[in-house]
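# Structural features, examined
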Amino acid sequence: MIALQRTRLLRALQQLGDAMRLLAVCASLIASLATVPAVHAAPDALQALETLKSDYPAAKYWPRAAEGSIEFCGGDWCQEVMGVGAKSSAEAWDAAFVLFYFLDPDAGYTKRRQDTAQRIVARAAKHCLLRAGDLRASCALDSLQKKFGFKYRRVQYDVGYRCHSEIAVAPPFFTRNGGCTRMQKDTFPQHAD
């Protein structure tokens, strides 16, 4: 009789321990979900372009710098997205934002635009949010490249020349492939807002 009661008591304690572990796991999951910022798809298809324009008010940008490409110049560098079709313009600007945000890191800018970057990456490919830093950028750029056939370049203008280097979708991003060409006068007229 005592052995039966002891067996029942041990089984009850074991079940209680299992229930407590389950409760702890549930509480942990709830706490982690509460600390993760909500990420929603950006409501405005051209949010990336508008963000870049507001962050770099003196910047120059060309919706069609060359046939099938866009280019945005903020600071010392320009980012060019090639392979842009009529239906992929918003996504091309998303790629340009990702290039500026992740490949030209500035601690203040990165902190200030973190929510925007998450929304833009979520729109490009939600699974990329599970990655961090360079791997998040690589994932988003790769997803956009696979969906739309984009190619990426970093461009710099200097004394009548336009120099570019190809950007790979995996770190290290900058390749040795590129070149310089002499610019013709009025090649890129300033885009009127």
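Note: the structure precedes this text.
Quick look at the structure, then. Note that the coordinates shown come from a computational prediction; the quantities given were computed from them, not determined experimentally.

## Focus: the packing of aromatic side chains
Here the structure, examined in full by the defined rule, presents 9 aromatic pairs. Consider the rings of Y56 and F72, whose centres lie 6.1 Å apart with planes at 65°: the pair is edge-to-face. Here Y56, found in the loop between α2 (47–55) and β1 (60–62), pairs with F72, found in strand β2 (residues 69–74); they are 16 residues apart in sequence, far enough to count as distant. Residue Y56 is classed as partly exposed on the basis of its relative accessible area, which comes to 23%. Judged by relative accessible area, F72 falls into the buried class, the value being 0%. Geometry around W77 places R154 over its ring, the cationic atom sitting 4.6 Å from the centre.

## As for the packing of helix α3 (residues 89–103) against helix α6 (residues 133–148)
Where α3 meets α6, the axes come as close as 10 Å, and the angle between the chain directions of the two elements is 160°. On the basis of the axis angle, α3 is roughly antiparallel to α6. As α3 packs across α6, the resulting crossing turns out to be left-handed. Contacts between α3 and α6 involve E91, A95, V98, L99, F102 and L103 on the former and, on the latter, G133, D134, R136, A137, L141, L144 and F148. Looking at side-chain class alone, the contact of α3 with α6 contains 9 nonpolar, 1 polar and 3 charged residues.

## Examining the state of the cysteines
Scanning the model with the defined rule gives 3 disulfides in all. Covalent S-S linkage joins C73 and C78, the inter-sulfur distance amounting to 1.9 Å. Here C73 and C78 share a disulfide; its torsion about the S-S bond, 105°, makes the bridge right-handed. A relative accessible area of 11% places C73 in the buried class. For C78, a relative accessible area of 5% corresponds to the buried category. Residue C163 pairs covalently with C180 via a disulfide, S to S 2.0 Å. Sign of the S-S torsion, about 115° for the bond between C163 and C180, identifies this disulfide as right-handed.

Conventions and cut-offs
- Residues numbered from 1 in each chain as written.
- Predicted model: local features only at pLDDT ≥ 70, side-chain atom pairs only at ≥ 80, totals over all residues.
- Heavy atoms only, no water.
- Phe/Tyr/Trp six-rings, centres within 6.5 Å; stacked < 30°, edge-to-face > 60°.
- Helix = DSSP H or I, 4+ residues; strand = E, 2+ residues; numbered from the N terminus.
- Buried < 20%, exposed > 50% of the residue type's maximum accessible area, 1.4 Å probe, protein only.
- Lys NZ or Arg CZ within 6 Å of the ring centre and 35° of its normal.
- Axes fitted to C-alpha atoms, helices over the stretch in contact; angles between N-to-C directions.
- Parallel < 35°, antiparallel > 145°, perpendicular 65-115°, else oblique.
- Left-handed = near helix turned anticlockwise from the far one by under 90°.
- Contact = heavy atoms within 4.5 Å.
- Nonpolar A, V, L, I, M, F, W, Y, C, P; charged D, E, K, R; others polar.
- Disulfide = S-S within 2.5 Å.

So far we have only geometry, and geometry alone does not tell us how the molecule works.
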